[in-house]
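Next come the chains, spelled out residue by residue.
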Amino acid sequence: MEAILKLAAGALTRDPILAALVAAWLSMMLCGTAALVLGYWSRLKERAALAHPPRHRLFPTTTRRKRASSKL
């Protein structure tokens, strides 16, 4: 594994185009991951505000909603 990392580091330092492509790919991956996390978090907040949201396997039932509905 150490040899592979040394080889990759050497290739990135010798080839500026490859280094730029790797940097662009990493930034796209980070931006995409951030967009997915923020979108999921926003949807969780929207569903928490609904009185009776439809069941969905990607959005678990929260205990906060149960406490809020018991106050009504």
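As the structure is a prediction and not an experimental result, all values here were calculated from the model.

Reading the values: rules and limits
Residues numbered from 1 in each chain as written. Predicted model: local features only at pLDDT ≥ 70, side-chain atom pairs only at ≥ 80, totals over all residues. Heavy atoms only, no water. Helix = DSSP H or I, 4+ residues; strand = E, 2+ residues; numbered from the N terminus. Areas by Shrake-Rupley, 256 points an atom, 1.4 Å probe, with all protein chains shown as cover. Buried < 20%, exposed > 50% of the residue type's maximum accessible area, 1.4 Å probe, protein only. Contact = heavy atoms within 4.5 Å. Phe/Tyr/Trp six-rings, centres within 6.5 Å; stacked < 30°, edge-to-face > 60°. Lys NZ or Arg CZ within 6 Å of the ring centre and 35° of its normal. Expected span 1.5 Å × (residues − 1). Polar contact = N/O pair within 3.5 Å; in protein donor to acceptor, adjacent residues only side chain to side chain. Patch = residues over 30% accessible without salt bridge, like charges linked within 9 Å, V, L, I, M, F, W, Y side chains within 5 Å. Salt bridge = Lys/Arg side-chain N within 4 Å of Asp/Glu carboxyl O. Axes fitted to C-alpha atoms, helices over the stretch in contact; angles between N-to-C directions. Parallel < 35°, antiparallel > 145°, perpendicular 65-115°, else oblique. Nonpolar A, V, L, I, M, F, W, Y, C, P; charged D, E, K, R; others polar.

**Student:** Please provide a residue-by-residue account of the overall build of the protein chain, values included.
**Tutor:** Each helix and strand in the protein chain was counted, giving three helices and zero strands. Of the roughly 6,600 Å² of accessible surface on the protein chain, a fraction of 70% belongs to carbon and sulfur atoms.

**Student:** So what about the environment of Phe59? Which residues, and what values?
**Tutor:** Position of Phe59 relative to the elements: it lies in the loop between helix 2 (16-49) and helix 3 (63-70). By relative accessible area, Phe59 is classed as buried at 14%. As for Phe59 and Arg47, which are separated by 12 residues in sequence, their C-alpha atoms are 8.4 Å apart. Once residues within four sequence positions are removed from consideration, Phe59 is found in contact with Tyr40, Arg43, Leu44 and Arg47.

**Student:** Lay out the packing of aromatic side chains with the relevant residues and their values.
**Tutor:** Taken as a whole and judged by the stated rule, the model has zero aromatic pairs. The ring of Trp41 has Lys45 lying over it, and the distance from NZ or CZ to the ring centre is 4.6 Å.

**Student:** An account of helix 2 is requested, with residue identities and associated values reported.
**Tutor:** Across its 34 residues, helix 2 extends 49 Å between first and last C-alpha, which sits within 8% of the 50 Å expected from 1.5 Å per residue. Backbone nitrogen of Ile17 and a side-chain oxygen of the N-cap are separated by 3.3 Å at the start of helix 2; the cap is Asp15.

**Student:** Which residues make up a nonpolar patch on the surface, and what values go with them?
**Tutor:** On the surface, a cluster of nonpolar side chains totalling about 380 Å² of accessible area is made up of Met1, Ile4 and Leu5. Note that Leu5 resides in helix 1 (residues 2-14).

**Student:** Outline the pattern of salt bridges, listing residues and values.
**Tutor:** Taken as a whole and assessed by the stated rule, the structure comprises two salt bridges. With its nearest N and O atoms 3.6 Å apart, the salt bridge here joins Glu2 to Lys6. With Glu2 and Lys6 both in helix 1, this residue pair falls four residues apart, about one helical turn.

**Student:** How would you summarise the packing of helix 1 against helix 2 if you had to cite specific residues and measurements?
**Tutor:** Between helix 1 and helix 2, whose axes approach to 5 Å, the crossing angle comes to 110°. The orientation of helix 1 relative to helix 2 falls into the category roughly perpendicular. Side by side, helix 1 and helix 2 meet where Ala11, Leu12 and Arg14 of the first sit next to Pro16, Leu18, Ala19 and Val22 of the second. Its residues assigned to classes, the contact of helix 1 with helix 2 comprises six nonpolar, no polar and one charged.

That is the geometry; function is a separate question.
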